[in-house]
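Each chain, letter by letter, is given below.
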Amino acid sequence: MTAPKHVAVIMDGNGRWAQQRLMPRIEGHRRGISALRTLVETARRLEIASLSVFAFSSENWRRPADEVDGLMRFFVSGLRKEAVPLRDAGVRLHVVGDRSVFSADLNAAIDEAEAVGASAEGMHFNLCLNYGGRWDIVQAARALQLEGREITLEAVGERLCMPWSGPVDLMIRTGGEQRISNFILWQAAYAELWFTDLLWPDFKAEDLKAALDWFEGRERRFGMTSAQVQG
Ligand code: IPE
Ligand code: IPE
Ligand code: MG
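So, here's what we can say about the structure. (Residues numbered from 1 in each chain as written. Chains lettered and ligands numbered in written order. Predicted model: local features only at pLDDT ≥ 70, side-chain atom pairs only at ≥ 80, totals over all residues. Heavy atoms only, no water.)

Topic: the site of ligand 1
For the record, the criterion: Definition of nearness: a residue and a molecule or strand are near each other if at least one heavy atom of the residue lies within 4 Å of the molecule or strand. Any N or O atom pair separated by 3.5 Å or less is treated as a polar contact, with the protein-specific requirement of one donor-capable and one acceptor-capable atom, and with residues adjacent in sequence counted only for side-chain atom pairs. Every helix listed is a DSSP run of H or I at least four residues long, and every strand listed is a run of E at least two residues long, numbered separately from the N terminus. All amino acids are sorted into three groups, where Ala, Val, Leu, Ile, Met, Phe, Trp, Tyr, Cys and Pro are nonpolar, Asp, Glu, Lys and Arg are charged, and the leftover types, Gly among them, are polar.
Around ligand 1, a shell composed of 13 residues is seen, among which D12, G15, R16, R25 and R63 lie nearest. G15 is positioned such that a nitrogen or oxygen atom in its backbone is 2.9 Å from an oxygen atom of ligand 1. Counting residues per element, the ones that place at least two in the shell around ligand 1 are α1 (14–20), α2 (25–45) and α3 (65–88). It is α1 that contributes the most residues to the shell around ligand 1, three residues altogether. In terms of residue class, the shell around ligand 1 is made up of three nonpolar, five polar and five charged.

Here's what the structure looks like:
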């Protein structure tokens, strides 16, 4: 069994982490950023080729305005602060999602951080912001339609938002829920799914290692029989 090339993480449970401590939910998001930093460092150290994280879904706009504003502020400040350290660690940042509704500030921070990271060659880091798996498929189909191309499996795959990362091998979700919540859909068609009750701010390097160890034990059959895979 080979190590996963593309790991996707649904970082869930920030709000509950804070509420359990009688703190405002935004404090959970702040702690969540530290956990994300550890995740990125660990994935890079373990030579994962691509890491995709769900930081804000296309449905998260439905949250109270103050929580949405606080998250947007974290994205701007986090991108400004982390762009150079990420690049220096060999991490190539891509912000993936529908950027058309972001503030000018956030779009500028994204442009700058992506430009800084463009020369990094160690790991693709897809930060999914205002991302939805269904939106991704629709935007790919629209692009093909505009190009006058036939809609085939290969063509859609090429037009999805992060073609550099290929299929998701392992999808991790913290926070106890066992659902995908419109994260990467197409590329996760054959992903192994790993769930934990840990709340995202409590997720540590050893938890990623536990998920990777578990992944090593999976037999990925892609529709075939076990005998075929082992033969
Ligand atoms: C995940 O944590 C982070 C985002 C969705 C931005 P939540 O904020 O969903 O935390 P819970 O699920 O309410 O605990
Ligand atoms: C998924 O978490 C989105 C992110 C982690 C950014 P949610 O907390 O929004 O998911 P649901 O609403 O519980 O399915
Ligand atoms: Mg949640």
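What follows picks up the thread again.
Some details on the packing of α2 against α3
What counts, and what does not: Axis geometry follows a simple rule: fit a line to the C-alpha atoms, using only the stretch in contact for helices, then measure angles between N-to-C directions, giving values from 0 to 180 degrees. Note that the term roughly parallel is reserved for angles under 35 degrees, roughly antiparallel for angles over 145, roughly perpendicular for angles of 65 to 115, and oblique for everything else. Here is the rule for handedness: rotate from the far helix to the near one, and if that takes an anticlockwise turn smaller than a right angle the crossing is left-handed, while a clockwise turn gives right-handed. Working rule for contacts: check all heavy atoms of both residues, and any pair within 4.5 Å makes them a contact.
Contact geometry of α2 with α3 gives a least axis separation of 11 Å together with a crossing angle of 25°. The angle between α2 and α3 places the two elements in the roughly parallel class. As α2 packs across α3, the resulting crossing turns out to be right-handed. Here R25, I26, H29, R30, I33, R37 and V40 of α2 lie close against α3, whose contacting residues are E67, G70, L71, F74, K81, E82 and L86. Residues of the contact of α2 with α3, tallied by class, amount to six nonpolar, two polar and six charged.

Concerning the site of ligand 2
We apply this condition: To be clear on the numbers: accessible area is Shrake-Rupley with a 1.4 Å probe, and residue cover counts the displayed protein chains and nothing else.
Surveying the vicinity of ligand 2 reveals the residues I10, M11, D12, F54, A55, F56, S57, N60, R63, R173, R179 and S181. A distance of 2.9 Å separates an oxygen atom of ligand 2 from a polar atom in the side chain of N60. Out of a free accessible area of 390 Å², ligand 2 has 77% covered by protein chains. When residues of the shell around ligand 2 are assigned to their parent elements, the largest contribution, four residues, is made by strand β2 (residues 50–57). When grouped by side-chain class, the residues that make up the shell around ligand 2 number five nonpolar, three polar and four charged.

A short note on the packing of α3 against helix α4 (residues 104–117)
For any two helices packed against each other, the geometry comes down to the angle between their axes and how far apart the axes lie. Between α3 and α4, the shortest axis-to-axis distance is 9 Å and the interhelical angle comes to 15°. Accordingly, the angle class assigned to the pair α3 and α4 is roughly parallel. Between α3 and α4 lies a crossing of left-handed hand. Listed contacts from α4 to M72, F75, V76, L79, R80, A83, V84 and R87 of α3 are D105, L106, A109, I110, A113, V116 and G117. Here the contact of α3 with α4 is built from residues that sort into 11 nonpolar, one polar and three charged.

Focus: the sheet that holds strand β1 (residues 6–10)
The condition that has to hold: In short, DSSP must find at least two bridges between two strands for them to pair.
With respect to topology, six strands assemble into an open sheet ordered β3-β4-β2-β1-β5-β6, the strand pairing being parallel. Two strands bound the open sheet, and with one partner strand each, they are β3 (91–96) and β6 (192–195). Strand-to-strand twist across the sheet, computed as the mean angle between neighbouring axes with direction ignored, equals 20°. Two strands pair when backbone bridges link them, and β1 and β2 are joined in this way by five bridges, in the parallel orientation. Note on β2: the bridge partner recorded for V9 is V53. Against the sheet, α2 makes contact with β1, β2, β3 and β4 (123–131), and its axis sits at roughly 145° relative to β4, the strand it touches most. Against the sheet, α3 makes contact with β2, β3 and β4, and its axis sits at roughly 160° relative to β2, the strand it touches most.

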